[in-house]
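Here is what each chain is made of, one letter per residue.
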Amino acid sequence: MLNAIYIIWLRELKKFIRDRSRLISSIAQPLIWLLLIGTGFGATFGKVGDLQYIQFMFPGILVMTLLFSSMFSAISIIWDREFGFLKEMLVAPIRRTSIAIGKAIGGASRSTIQGIIILVFSPLIGINITIQKFFLIVPLMFFIAFTISGIGIIIAARMESFEGFNLIVNFVIMPMFLLSGAIFPISNLPQWLSMIVSINPLSYGVDIMRWVMTGISERNPALDLMVLSLVCVLTTTISVYLFSKGK
Amino acid sequence: MSIIEIKNLTKKFGDKLAVDDISFEVKEGEIFGFLGPNGAGKTTTISILCTLLQPTNGIAKIAGYDVTKERDDVRNSIGIVFQDPSLDGDLTGEENLRFHGMAYKIPKQIREDRIKYLLDMVDLFDKKDERTKNYSGGMKRRLEIARGLLHHPKVLFLDEPTIGLDPQTRNRIWEHIIELQEKNGITIFLTTHYMEEAENCNRIAIIDHGKIIALDTPENLKKNLKGDLITLKTSDNQKANELIKTCFSINPYIKDDSIFIYAENGENFIPKLFRALRTFEITSVSVRKPTLNDVFIKLTGRAIREETMDGVGRMRERTRGR
Ligand SMILES: Nc1ncnc2c1ncn2[C@@H]1O[C@H](COP(=O)(O)OP(=O)(O)O)[C@@H](O)[C@H]1O
Ligand SMILES: [Mg+2]
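The following refers to the structure shown. Here the structure is a predicted model, which is why all the values come from computation and not from measurement.

### Description of the packing of helix H6 (residues 131-158) of chain A against helix H9 (residues 201-214) of chain A
When two helices pack together, their arrangement is captured by the angle between the axes and the distance separating the axes.
All names here are of chain A.
Here is step 1 of the chain: Direction vectors running N to C along H6 and H9 enclose 175°, while the axes themselves pass 10 Å from each other. Considering the angle they form, H6 stands roughly antiparallel to H9. Packed against H6, whose contacting residues are Lys-133, Leu-136, Ile-137, Leu-140, Met-141, Ile-144, Ile-148 and Ile-151, the element H9 presents Pro-201, Leu-202, Gly-205, Ile-208, Met-209, Val-212 and Met-213 at the interface.

### Structural notes on the packing of helix H5 (residues 96-119) of chain A against H6(A)
Residues and elements named next belong to chain A.
Here is step 1 of the chain: With their axes 8 Å apart at the nearest point, H5 and H6 run at an angle of 135° to one another. In terms of axis orientation, H5 runs oblique to H6. Judged by the sense of rotation from one axis to the other, the crossing of H5 with H6 is right-handed. Listed contacts from H6 to Ala-100, Lys-103, Ala-104, Ile-105, Gly-107, Ala-108, Ser-109, Ser-111, Thr-112, Gly-115, Ile-116 and Leu-119 of H5 are Phe-134, Ile-137, Val-138, Met-141, Phe-142, Ala-145, Phe-146, Ser-149 and Ile-153.
Here is step 2 of the chain: Residues belonging to the contact of H5 with H6 are distributed by class as follows: 14 nonpolar, six polar and one charged.

### A look at the coordination of the magnesium ion (ligand 2)
All names here are of chain B.
Here is step 1 of the chain: Looking at the magnesium ion (ligand 2), one finds its protein donor set to be Thr-43 (OG1) and Gln-83 (OE1), positioned 2.0 to 2.1 Å from the metal centre. In this pair, Thr-43 is assigned in helix H1 (residues 42-49) and Gln-83 in the loop between strand E6 (78-81) and helix H3 (93-103), connecting sequence segments 40 residues apart.
Here is step 2 of the chain: Among the residues examined, Thr-43 registers a relative accessible area of 32% and is labelled partly exposed.
Here is step 3 of the chain: Look at Gln-83 and you get buried, because its relative accessible area is 17%.

### Thoughts on the side chain of Ser203(A)
Residue and element names in this part refer to chain A.
Here is step 1 of the chain: Topologically, Ser-203 is positioned in helix H9.
Here is step 2 of the chain: Of the residues examined, Ser-203 reaches a relative accessible area of 1% and is grouped as buried.
Here is step 3 of the chain: A polar atom in the side chain of Ser-203 sits 2.7 Å from the backbone oxygen of Asn-200.
Here is step 4 of the chain: Ignoring any residue separated from it by four or fewer positions in sequence, one finds Ser-203 in contact with Leu-179, Ser-180, Val-197 and Arg-219.

### Remarks on the pairing of strand E13 (residues 258-263) of chain B
Residues and elements named next belong to chain B.
Here is step 1 of the chain: Of all six residues making up E13, six are buried, and the element is well covered by its neighbours.
Here is step 2 of the chain: Burial along E13 is two-sided: the face carrying Ser-258, Phe-260 and Tyr-262 and the face carrying Ile-259, Ile-261 and Ala-263 are both buried.
Here is step 3 of the chain: Here strand E11 (residues 228-234) pairs with E13 via five bridges, running antiparallel. Each residue of the ladder has a partner; that of Leu-232, found in E13, is Ile-259.
Here is step 4 of the chain: Summarising the sheet, strand E12 (residues 253-255) and E13 pair through three bridges and their orientation is antiparallel. What sits directly across from Lys-255, in E13, is Ser-258.
Here is step 5 of the chain: Between E12 and E13, which follow one another and run antiparallel, lie two residues, and Asp-256 among them has a positive phi close to 55°.

Calculation notes
- Residues numbered from 1 in each chain as written.
- Chains lettered and ligands numbered in written order.
- Predicted model: local features only at pLDDT ≥ 70, side-chain atom pairs only at ≥ 80, totals over all residues.
- Heavy atoms only, no water.
- Axes fitted to C-alpha atoms, helices over the stretch in contact; angles between N-to-C directions.
- Helix = DSSP H or I, 4+ residues; strand = E, 2+ residues; numbered from the N terminus.
- Parallel < 35°, antiparallel > 145°, perpendicular 65-115°, else oblique.
- Contact = heavy atoms within 4.5 Å.
- Left-handed = near helix turned anticlockwise from the far one by under 90°.
- Nonpolar A, V, L, I, M, F, W, Y, C, P; charged D, E, K, R; others polar.
- Donors = N, O, S within 2.8 Å, 3.2 Å for Na, K, Ca; no water.
- Buried < 20%, exposed > 50% of the residue type's maximum accessible area, 1.4 Å probe, protein only.
- Polar contact = N/O pair within 3.5 Å; in protein donor to acceptor, adjacent residues only side chain to side chain.
- Pairing = 2+ DSSP bridges.

Next comes the structure, spelled out in structure tokens:
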């Protein structure tokens, strides 16, 4: 089991390191967001609580990086299916469970590495990351990314082709990001929107990440952690189940 | 001894019977061919045998292991080259093999030695560090064969191993297949819809609409057709056909614009035929040994593959799989 998870993970990382253009664009994208939205909204919002807008936004952008990266690597199962490599894995004497978990850990690892690269820019916007903080943030990034990977695998297990891909980007990934509290505070929203935000697992990830990085949060960090853990167990279980049952 | 045993195997997709109650055995060490037109149920059967699909009914055993109950034992006993490409294009040839070796838990030293040996065998050692997305169709196929052999399976499944490849590459692949059987005594189960390839098998099963309609050595299958095949074109095929039937009390058949006649000794039969048909204008005549295609036509009334092997159809099939 561990052996199988390890080789699936290893393959993900190899492909990650090899795919330079994707690596570069996946790091450039959050930085562009930070620069454009951060400056633009910052000019209007000024400050959010005690934080400069760009400081408020930075943990959100970090989580956005994890979201996109984890989703895309989980959804690469569809590519594996399309290009036939999934069959090679399915016919090997390894459990489907191991394949799903290996994929999720692989995706989480990729995301975490990208997150660390983004983290390097934190001093530039006035967020001080101490060593202790760093060693809190990294596992937290991994944890959030792993949870999102589970959601991605659930989607991929149901999808037969690329056709639904844009649908997922537009109706799952973008709303999850926009309604996560990453780019605007969630405390003063109208009730209907607030409801939607509170069922968005990513909002708990953003909140706890902001708390760890800046010491400021909109919810109780303990609640964030509890909700995230629950979602993590749930998505992992469902994704493994669906992947094992799928064809 | 039988290494593959199949009893009453059936697979339904909804209402569609893809495999219809087939039973047969494959002996250890033979090259066994599954010959049939597209959609006959070949790939479905292989998918069941290699544990990727659950049968609707029936039992299949490989090396004594049940394909539904003892999956891991079956998986360790088989190697497979799928009909459609199944390499990771972002990994190099060597890395594709290494992934496989690790998945099958081959000890590291043995694994690396075998990778080297197999890359050499399929003439890809020079290309081992290149990503497989840059490989040609034939190189991919050869690498997949090497991969299928890496864990020393007892049975190697090859689903249309040469589809879409040029004649030289196809010959190379066949050399490998025959060498494998002769040197390593491995059992090879392959599917094809190319007659010429089926001739290379020790035994073949002819499958159509999910049913096995004949199973024997290629020689015996052709022997059943009795002698030579005479192809005749005349000014009026229908009437000529009736006349031949009554004169010689045999049963020729018309397909396309020709009459096909099986005769014990073709060369001697033609003069007699011409005498009987003197009132007809005979536009062409030929005699040849029957092929497996003739066997298939005799059994089903149609050719196994109407189009020729090279050409557009083949290209289409291969690209679809990508
Ligand atoms: N997953 C599937 N769902 C529905 N029908 C299928 C599926 N796979 C194969 N079939 C049908 O089963 C029949 C046999 O297909 P297949 O085994 O691929 O034939 P072959 O390999 O001999 O060309 C075909 O009619 C095909 O359309
Ligand atoms: Mg097929």
